[in-house]
Amino acid sequence: MTLWRTGQGFDAHAFCMGRPLILGGVHIPYEKGLAGHSDADVLVHSIMDALLGAAALGDIGRHFPPTDNAYKDISSLDLLEKVSHLLTINGWMVGNVDATIIAENPRMSAFNKEMEDNIQCRIAGKPVVNVKATTTEGMGFPGRGEGIASMAVALISRNKEE
């Protein structure tokens, strides 16, 4: 018998000057980056939270606290690899990940495939990864150009003894 679980994740960061904009491990050309302790990759953060939530293993703040200097400016893809390992040692396999970036600007559809590839190769088993982007048509903090948000859902499975 196979046990299936889903998890959802959400993250948001404000724009700031003097940092590169990194989404899905891709440097997106833009005049602002995102504020945060790590590289502030909201896309990967939402995916990590979806994976951890599906496995009932807490959240990224529990595993990689922003008060720990070991994670200062770290690549979120490296953290995703650690989350993938954590799922593997707990007997979970990732089936698929579906994520949406929420931002008025910059436009990023040209980078979606590269983001998907970066994320897929950091998760054991190379699951199906889908990345989309949308706007809020001027509403809320993303619509006002104050930052970027991302939400993700993940499906994981493991064999359950009967």
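Description of the structure in this document.

Calculation criteria
- Residues numbered from 1 in each chain as written.
- Predicted model: local features only at pLDDT ≥ 70, side-chain atom pairs only at ≥ 80, totals over all residues.
- Heavy atoms only, no water.
- Pairing = 2+ DSSP bridges.
- Helix = DSSP H or I, 4+ residues; strand = E, 2+ residues; numbered from the N terminus.
- Contact = heavy atoms within 4.5 Å.
- Axes fitted to C-alpha atoms, helices over the stretch in contact; angles between N-to-C directions.
- Salt bridge = Lys/Arg side-chain N within 4 Å of Asp/Glu carboxyl O.
- Buried < 20%, exposed > 50% of the residue type's maximum accessible area, 1.4 Å probe, protein only.

Moving on, we come to the sheet that holds strand 5 (residues 93-102). Within the open sheet, the five strands sit side by side as 4-1-7-5-6. Their pairing is mixed. The open sheet has two edge strands with one neighbour each: strand 4 (33-34) and strand 6 (128-134). Strand direction decides the pairing type here: strand 1 (residues 2-16) and strand 7 (residues 147-159), joined by 13 bridges, are antiparallel. The residue bridging R5 from the neighbouring strand is I156, located in strand 7. Those strands touched by helix 1 (residues 42-54) are strand 1, strand 4, strand 5, strand 6 and strand 7, and its axis lies near 150° from that of strand 1.

Considering all chains together, one arrives at seven salt bridges under this definition. Among the salt bridges present, the one from D73 reaches R19, with a minimum N-O distance of 3.4 Å. Within this pair, whereas D73 is found in the loop between helix 2 (60-63) and helix 3 (76-89), its partner R19 is found in the loop between strand 1 and strand 2 (21-23), the two being separated by 54 residues in sequence. According to the relative accessible area criterion, D73 is partly exposed, its value standing at 48%. One salt bridge connects E81 with R122, and the closest N-O pair in it is separated by 3.0 Å. Pair noted here: E81 is in helix 3 and R122 is in the loop between helix 4 (112-120) and strand 6, with a separation of 41 residues, a long-range link.

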